Each structure stands twice: as C-alpha cells, then as structure tokens.
Amino acid sequence: MTTFQLGIDLGGTNTTLGFVTRQGRVVACDHFSTEASKGPRDWSGRACRKALEMMDLAGIKPGAVQGAGIGAAGLIDQETGRILQSPNFKGWVRVPAARLLARKLRIPVAIDNDVNAMALGEALFGGGRGLTDVFCIALGTGVGGGLFLKGEIYRGTTYSAGEIGHVTIDPDGPFCACGNQGCLEAFVGTAGILRTADAWIERNPRSKMARFASKHRLTVKDVADLAKSGCSSARDVLKHTGMMLGIGLAGVVNLLNPSAIIVGGRVAQAGRFLFRPLRETLKRRAMSVPRRAVQVRPAQLGPRAGMIGASMLPLGYARIFR
Ligand SMILES: [Zn+2]
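Note that the coordinates shown come from a computational prediction; the quantities given were computed from them, not determined experimentally.

This paragraph deals with the sheet that holds strand 8 (residues 134-139). Pairing within the open sheet is mixed, and its 5 strands lie in the order 10-9-8-11-12. Lying at the two open borders of the sheet, with one neighbouring strand each, are strand 10 (152-154) and strand 12 (295-298). In this sheet, adjacent strand axes meet at a mean angle of 25° when their direction is disregarded. Bridge count between strand 8 and strand 11 (residues 260-264): 5 bridges; the pairing is parallel. Residue pairing in the sheet places Ala138 in a bridge with Gly264 of strand 11.

Rendered as structure tokens:
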C-alpha cells in the first residue's frame, strides 16, 4: 500500500494542505482561508475537515496517512510543539498547534517554522536534492533562512537560527522592521528593493521604469518584467539587489561551507538579473575554497515547497506529537 504524509503550510492568509508520498510526489493539494482571528481551535477543526474532504476526493484511505507536519510562520518551540510568537497570528499565544491537530487527526504531528519547512522540502526534493549541507533563503516581504546541515534541520539554542534577513550588511543603512539598521532584509526584501527603485527613478526620471512608475504603483514583479524587457534602470536595481544579497550570502559561504545555497521566494523569480550579480559578488567576497564548492541554485518547488517540506517533518526531522 502506498503511504502518504500530510503537509500543512499555515500562512497568514491561506492554509495549504497536501498529501505527499515519501518520494515527494504531491497527489492532492488544496487550500482554505486561514482566518486566524477565529482562533487556533477553529482553525484546527477546519484543517481537519479539509484533510478528510481531500482524502475522500483522492481516494486515500485513513490508514494510508502516516503522519502530518505543519510549517508555520513564527517562532516554534520544538520541545512543546507550540507556536511561541508569530506576526501573522495575533492572539495565538503559545498555541500547542501540533497537539491540537494530532488529537483531531489521530496521527502523529510535527511542527516547524515555515522557512525551515521550505528548506527541508528544497533540500530533499528541490534544488538541494541529494546534498547534505544546504542553506535556503526565502526572499519576499521578509527575508528568512533555513539550515539543513548534515541531513538535519539546524534550529539553534532557542529555535531562531537562520535569520539571515536581520544580519547587518550596512551599519548606516535604512532602518528595518526588527529595530536594527542596515539589515539584509532592508535591501533585498520587497520594500528594500522598491526603496532602491525609488532612488534610481529619482536619478533617472526619463527611464522606462520611471515612466512606468508615474502611472502605476511599482511592484518587484514590475521591476523584474522591466528588466526582462531591456530597461537598464530596472536591471541596475536588480544588480544592486543581487550584490547586497551576495554580500549577505558570502558570510554564509564562509561560515557554513555549504554544498548549496537555494534561493527561493517571489523575488527570486527575477532570474538571471538577480543571480548574475549575486554569483559575481560571491566570487569577489567569499573565500575561494568554500566558494568553489557551493552551488547557487534557484528553488525548484515553487510555493509548494513549504507544504512538501512540512509533510516530511514527522519522518525523523522534528519532534512528534500524538
Ligand atoms: Zn532587521
């Protein structure tokens, strides 16, 4: 009998559920609106109903589902399976999400931070497949990192390892949401990229990007599209972004000597205009031995990476709750 793992990506807006084989193949995937304000008990009830409905549709028998994993934005206590704090779920204080769901689903449940789940998914089945030391960076509104070292998720002393977005790369740089100044996120998070774009628009008011921005509210996707269409200002913005990213990741290369760095998240879709300056900066700034050993690759699993990785958590990658 084929067995399945249930992966749950608990996001601020949507919760994505998927049934995944041990080889990482997704056989069913669906989502529902998280509606965090209704509270964690209500959410776990809806997650359970959705899972049962999906199993019914896909013809998955209850005995075939061996475990479930949750990837949730925020600080997750591995010892207790609780979400300690999360920017997305106001009022969810120390919620024992893993136990709540284990009781409802009657299968073992594990939980981890969403970026760790994404890193696990990419390390096992995506850009880092077959490699044992993988650093995964997720670029979006926020910038997070996940460490997969010696075949395990590395979480640090208080489960907050991997916060590369809040590593200082410019002591005089812009202020960051975390309270620090000049964090990597303040340059390569979406707000940071748009700040760079604004500065370029001011300097080059006649560029294609400036003309576009005078009519529309510019997004990072617009900057990437403009770069692809040949706009040199948009290319310069991504070049600067890739360089700042390279400065941050050169530190990772020197510190961890990983075999791969996987770059994911929406911003990574800017493609070669981001990856080329990133690789050039690594060449210039990282030490030569670890730099030659590291492969910099785009993430491969797309928005499902977190769900797929979460589904694998109970298979020896995180503590199990029953
Ligand atoms: Zn910060």
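Now that the structure has been shown, we can carry on.
Below, the discussion takes up a positive patch on the surface. A surface patch of like charges, here positive, comprises Arg41, Arg49, Arg99, Arg103 and Lys104. Those elements giving two or more residues to the positive patch turn out to be helix 1 (40-58) and helix 2 (97-105). Looking at which element gives the most residues to the positive patch, the answer is helix 2, with 3 residues. Mapped onto the elements of the fold, Lys104 is located in helix 2.

This paragraph deals with the coordination of the zinc ion. Geometrically, a metal with four donors at the corners of a regular tetrahedron has ideal angles of 109.5 degrees, and one with six donors at the corners of a regular octahedron has ideal angles of 90 or 180 degrees. Around the zinc ion, the donor atoms from the protein are His166 (ND1), Cys176 (SG), Cys178 (SG) and Cys183 (SG), and they sit 2.0 to 2.3 Å away. Considering all 4 donor atoms around the zinc ion, angles at the metal cover 104 to 123° and the coordination shape is tetrahedral. Donor residues binding the zinc ion come from one chain and are separated in sequence as H-x9-C-x1-C-x4-C. Placement of the pair is His166 in the loop between strand 10 and helix 4 (185-188) and Cys183 in the loop between strand 10 and helix 4, with a sequence separation of 17 residues. What makes His166 partly exposed here is its relative accessible area of 28%.

Moving on, we come to helix 3 (residues 114-125). Helix length check: helix 3 (12 residues) gives 16 Å between terminal C-alpha atoms against 16 Å at 1.5 Å per residue, within 8%. With 11 of 12 residues buried, helix 3 lies mostly within the body of the structure. Its side-chain oxygen 2.9 Å from the backbone nitrogen of Val115, Asn113 forms the N-cap of helix 3.

Attention now moves to helix 9 (residues 272-285). Every α-helix winds through 3.6 residues per turn, so residues three or four apart in the chain are directed the same way. Over its 14 residues, helix 9 runs 19 Å from end to end, which matches the ideal 20 Å to within 8%, given 1.5 Å per residue. Burial in helix 9 covers these residues: Phe273, Leu274, Phe275, Pro277, Leu278, Thr281 and Leu282. Those residues of helix 9 that are buried are in contact with strand 8, helix 7 (220-228), helix 8 (232-256), strand 11, helix 10 (288-293) and strand 12.

Calculation rules
Residues numbered from 1 in each chain as written. Predicted model: local features only at pLDDT ≥ 70, side-chain atom pairs only at ≥ 80, totals over all residues. Heavy atoms only, no water. Pairing = 2+ DSSP bridges. Helix = DSSP H or I, 4+ residues; strand = E, 2+ residues; numbered from the N terminus. Axes fitted to C-alpha atoms, helices over the stretch in contact; angles between N-to-C directions. Patch = residues over 30% accessible without salt bridge, like charges linked within 9 Å, V, L, I, M, F, W, Y side chains within 5 Å. Areas by Shrake-Rupley, 256 points an atom, 1.4 Å probe, with all protein chains shown as cover. Salt bridge = Lys/Arg side-chain N within 4 Å of Asp/Glu carboxyl O. Lys, Arg positive; Asp, Glu negative; His and termini not counted. Charge placed at Lys NZ, Arg CZ, Asp CG, Glu CD. Donors = N, O, S within 2.8 Å, 3.2 Å for Na, K, Ca; no water. Tetrahedral: all angles 85-135°; square planar, octahedral: opposite > 155°, others 65-115°. Buried < 20%, exposed > 50% of the residue type's maximum accessible area, 1.4 Å probe, protein only. Expected span 1.5 Å × (residues − 1). Polar contact = N/O pair within 3.5 Å; in protein donor to acceptor, adjacent residues only side chain to side chain. Contact = heavy atoms within 4.5 Å.

Structural measurements only, silent on function.
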